[in-house]
Amino acid sequence: MTAHIPVTRKATDVGRRNAALILQRQLRSFFSVAAVLRASSSPSPPRQTQTPSTPDANKSRRPQTPEEQKLYDEVNERFLKQLGSSESAEKVWEDYSRLVEGTIEKFNYSILSHHMLLKMLEGTPAPPTLNAKAGVVTNLVKGLGKYARPEEYYQLARLHEQRNDLPKLQSLINEMRRNNITVTPDIFNCLIRLHLHRNDISSASWAFNLMRRSASATNTPLHPTTYFTLIRAHLARNNIKAADNLLTQLHSDGLHLDVPGYTSLMIQYARVGSFESALKIYEHLIAENFKPTFETYRALVMVYCRSGDLDKATKLIDDMESGLLEGVTKPDAYTYKFALRAYLSQDDFQNSHHYYIKMRKSMLPKDETLLPPRKPLLDETIFYPLLALSLDTSHLPQTYQIYYDMRKFKIHPSQEMFNTLIIAFATSEMTEAMTLVYADAKKHGVWMEIETTGALIEHALRRGDLDGAVDYAVDVG
């Protein structure tokens, strides 16, 4: 086995010089061979000498031949390997930048440059902290000037967005406008998302309005996703009026979301308590002959439940269960949970327990997982009020079942609730339930109140269990 030899500074310098020599040979090889290939390509009318920066120069460009492209790809691949293994990535990126500039200067091939740019952006590794990659792209775009395709600017805009570099993205947009290049909605979307990432919804709205004016002037179609993103951002900040205005603007611009988009907004509006707006979205969806999905109807159940319109919620759930809604499956556990919460808020145990049972029957194994990051469908926010309501309404058999389910989810009552349960089961002669809860309470170190101890002893004496009564007294003591 060959021994590992430490790399010294001298060895590194020699390696860099060798890499530079290889680079020079590669560049000379590429430019010389490509020049020969150009001369030997199929006959074509002689080109007039023109200034490369003029629009006419762009018209005189021709696509590179397959041989030229193959040679350029080989040089490009060697750089990719260097960039993946070199200890001096910054230096290699600088060399790569010179290759880009030399290609544009000597050949003035926009198509060749486009190919290089896209390949570099998609396939070339670069450390996140390295500025040279963005520098290479900037040099390329500037070198192409007016002849750069919008897709290239978009690739650079995405790079600035990913690096959270707002000044460079704004500078790029200003450069495009100076060069009379249309700033596409995709690039504006990069700017809008970056402002929202910085929690600056005011600047995001300004960029959105600028995008609309630009699109109107250039007759460029907009995409409803932009409206959707901003509406959600406003709702997340409880700016309901601004969200409503944007939704109205979306429709007045002749645009529509898809069904999942409308469904998502219904949920968002319901979460901030704007139930009227949520219902208007559903009505618009129906008016425009969109076909609601299962998720849409589940969202509508959520809206009805949270707004307190439980009759409509119950009717819709019944319709889903009976198969009256075409193409819609039966309610899932989440749908029943909306109704369960709503009836709990009204202290209606009968209906709460009804939907609790339906929910339990419809739960899938994955719904019962306790593994993060997924929260279980049934947690303290459901069990505690349901358990308390069952006790208050003296539905003790159901109380015991609810408690038993709680144990499966590893959820335990408070000390006060433990004592209350033991007293209730002891006085009602529910020996099995009382014994289980008492054992759990002791296991969790629950302090027994005097009333609880008295109820336990009395229960044992009523059953003629003198030893049991003594045991309860000793345990407490």
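Residues numbered from 1 in each chain as written. Predicted model: local features only at pLDDT ≥ 70, side-chain atom pairs only at ≥ 80, totals over all residues. Heavy atoms only, no water.

## Here we look at the overall build of the protein
And then number 1: Check the secondary structure of the protein and you find 24 helices and 0 strands.
And then number 2: Taking all 477 residues of the protein together, 44% fall into the buried category.
And then number 3: Excluding contacts between residues fewer than 6 apart, the proportion of contacts in the protein whose partners are at least 24 apart in sequence is 63%. (Helix = DSSP H or I, 4+ residues; strand = E, 2+ residues; numbered from the N terminus. Buried < 20%, exposed > 50% of the residue type's maximum accessible area, 1.4 Å probe, protein only. Contact = heavy atoms within 4.5 Å.)

## Points about the side chain of Thr 296
And then number 1: Relative to the assigned elements, Thr 296 resides in helix H15 (residues 294-307).
And then number 2: Classification of Thr 296 as buried rests on a relative accessible area of 0%.
And then number 3: Looking at Thr 296, its side chain comes within polar contact range of the side chain of Thr 263, at 2.7 Å.
And then number 4: Apart from the residues within four sequence positions on either side, Thr 296 is in contact with Val 259, Thr 263, Met 266, Tyr 282 and Leu 285. (Polar contact = N/O pair within 3.5 Å; in protein donor to acceptor, adjacent residues only side chain to side chain.)

## Comments concerning the UniProt feature "repeat: PPR" (unreviewed entry) in the protein
And then number 1: The positions UniProt marks with the feature "repeat: PPR" (unreviewed entry) are residues 258-292 and 293-323.
And then number 2: Annotated as residues 258-292, this span is 74% helix and 0% strand, and its ends, taken at the C-alpha atoms, are 10 Å apart.
And then number 3: Secondary structure content for residues 293-323 is 87% helix and 0% strand, and the end C-alpha separation is 13 Å. (UniProt positions renumbered as here; feature names shortened; annotations may be inferred.)

## Structural notes on a negative patch on the surface
And then number 1: Side chains of Asp 465, Asp 467, Asp 471 and Asp 475 sit close together on the surface and give a patch of like negative charge.
And then number 2: Tracing the sequence through the fold places Asp 465 in the loop between helix H23 (450-462) and helix H24 (466-476).
And then number 3: Since its relative accessible area comes to 37%, Asp 465 is described here as partly exposed. (Patch = residues over 30% accessible without salt bridge, like charges linked within 9 Å, V, L, I, M, F, W, Y side chains within 5 Å. Areas by Shrake-Rupley, 256 points an atom, 1.4 Å probe, with all protein chains shown as cover. Salt bridge = Lys/Arg side-chain N within 4 Å of Asp/Glu carboxyl O. Lys, Arg positive; Asp, Glu negative; His and termini not counted. Charge placed at Lys NZ, Arg CZ, Asp CG, Glu CD.)

## Some words on helix H22 (residues 431-443)
Working note: α-helix, 3.6 residues per turn, so residues spaced by three or four point in the same direction.
And then number 1: Relative to the 18 Å expected for 13 residues at 1.5 Å per residue, H22 spans 18 Å between its end C-alpha atoms, a close match to the ideal helical length.
And then number 2: Where H22 is concerned, the buried positions are Ala 433, Met 434, Leu 436, Val 437, Tyr 438, Asp 440 and Ala 441. (Expected span 1.5 Å × (residues − 1).)

## Comments concerning the packing of helix H12 (residues 240-252) against helix H13 (residues 259-271)
And then number 1: Orientation of H12 relative to H13, taken along the N-to-C sense of each, is 160°, at an axis distance of 12 Å. In this view, H12 runs roughly antiparallel relative to H13, as classed from their interaxial angle. Judged by the twist between their axes, the crossing of H12 over H13 is left-handed. Two secondary-structure elements touch here, H12 through Ile 240, Ala 243, Asp 244, Leu 247 and His 251 and H13 through Tyr 262, Leu 265 and Tyr 269.
And then number 2: Its residues assigned to classes, the contact of H12 with H13 comprises 6 nonpolar, 1 polar and 1 charged. (Axes fitted to C-alpha atoms, helices over the stretch in contact; angles between N-to-C directions. Parallel < 35°, antiparallel > 145°, perpendicular 65-115°, else oblique. Left-handed = near helix turned anticlockwise from the far one by under 90°. Nonpolar A, V, L, I, M, F, W, Y, C, P; charged D, E, K, R; others polar.)

## Overview of the packing of aromatic side chains
And then number 1: Tallied over the entire structure, the rule returns 10 aromatic pairs.
And then number 2: Residues Tyr 400 and Phe 425 carry aromatic rings whose centres are separated by 6.0 Å and whose planes lie at 75° to one another, so their mutual orientation is edge-to-face. You can see Tyr 400 sitting in helix H20 (residues 396-408) and its partner Phe 425 sitting in helix H21 (residues 415-427), a full 25 residues away along the chain.
And then number 3: Exposure remark for Tyr 400: the relative accessible area of 16% places this residue in the buried category.
And then number 4: With a centroid separation of 6.5 Å and 70° between ring planes, the pair formed by Tyr 403 and Phe 418 is classed as edge-to-face. (Phe/Tyr/Trp six-rings, centres within 6.5 Å; stacked < 30°, edge-to-face > 60°.)

## Observations concerning the pattern of salt bridges
And then number 1: Evaluation of the coordinates by the stated rule reveals 12 salt bridges.
And then number 2: Its salt-bridge partner being Glu 161, residue Arg 193 comes within 2.8 Å of it at the nearest N-O pair. Remark: Glu 161 occurs in helix H7 (residues 150-162) and Arg 193 occurs in helix H9 (residues 185-197); sequence separation between them is 32 residues.
And then number 3: Exposure remark for Arg 193: the relative accessible area of 34% places this residue in the partly exposed category.
And then number 4: The residue Lys 315 makes a salt bridge to Asp 319 at a minimum N-O spacing of 2.9 Å. Within this pair, Lys 315 and its partner Asp 319 are both found in helix H16 (residues 310-322), separated by 4 residues, close to a single helical turn.
And then number 5: Bridged by salt links that share partners, the residues Arg 158, Glu 161 and Arg 193 form one connected network.

## A closer look at the packing of H20 against H22
And then number 1: Contact geometry of H20 with H22 gives a least axis separation of 11 Å together with a crossing angle of 35°. As H20 runs across H22, the sense of the crossing is left-handed. Touching Tyr 400, Tyr 403, Tyr 404 and Arg 407 of H20 are Glu 432, Ala 433, Leu 436, Val 437 and Asp 440, all from H22.
And then number 2: In terms of residue class, the contact of H20 with H22 is made up of 6 nonpolar, no polar and 3 charged.

## Looking at a positive patch on the surface
And then number 1: Taken together, the side chains of Arg 232, Arg 271, Arg 306 and Arg 341 present a region of like positive charge at the surface.
And then number 2: On the secondary structure map, Arg 306 appears in helix H15.
And then number 3: Note on Arg 306: relative accessible area 45%, which makes it partly exposed.

## Here we look at a nonpolar patch on the surface
And then number 1: The grouping of Leu 461, Leu 466, Val 470 and Val 474 at the surface amounts to a nonpolar patch, some 380 Å² of accessible area in total.
And then number 2: With 3 residues, the single largest contributor to the nonpolar patch is H24.
And then number 3: Leu 461 gets classed as partly exposed once you look at its relative accessible area, which sits at 48%.

## Quick notes on helix H8 (residues 166-178)
And then number 1: Taking 1.5 Å of rise per residue, the 13 residues of H8 would be expected to cover 18 Å, and the 18 Å separating its terminal C-alpha atoms lies within 8% of that figure.
And then number 2: Listing the buried residues of H8 in full gives Leu 166, Leu 169, Leu 172, Ile 173, Glu 175 and Met 176.
And then number 3: Immediately beyond the C-terminal end of H8, within one or two residues, lies Asn 180, with a positive phi of roughly 60°.

## Side note on the environment of Pro 260
And then number 1: Looking at the secondary structure, you find Pro 260 in helix H13.
And then number 2: Note: C-alpha distance between Pro 260 and Thr 296 (36 residues apart in sequence) is 7.6 Å.

## Some thoughts on the environment of Leu 310
And then number 1: Relative to the helices and strands, Leu 310 resides in helix H16.
And then number 2: Taking the C-alpha atoms as reference points, Leu 310 and Tyr 343, separated by 33 residues in sequence, lie 8.1 Å from one another.
And then number 3: In this structure Leu 310 touches Tyr 304, Cys 305, Ala 342, Tyr 343 and Gln 346, once residues within four positions along its chain are discounted.

## Here we look at the confidence of the model for the protein
And then number 1: Within the protein, residue pLDDT values average 79, and 66% of them lie at 70 or more.
And then number 2: Of the regions scoring below 50 in pLDDT, residues 26-63 engages in 54 contacts with residues more than four places distant in sequence or in other chains.
And then number 3: Contacts of residues 108-112 to residues separated by more than four positions or lying in other chains number 18 contacts, the stretch itself having pLDDT below 50. (pLDDT = per-residue confidence, 0-100.)

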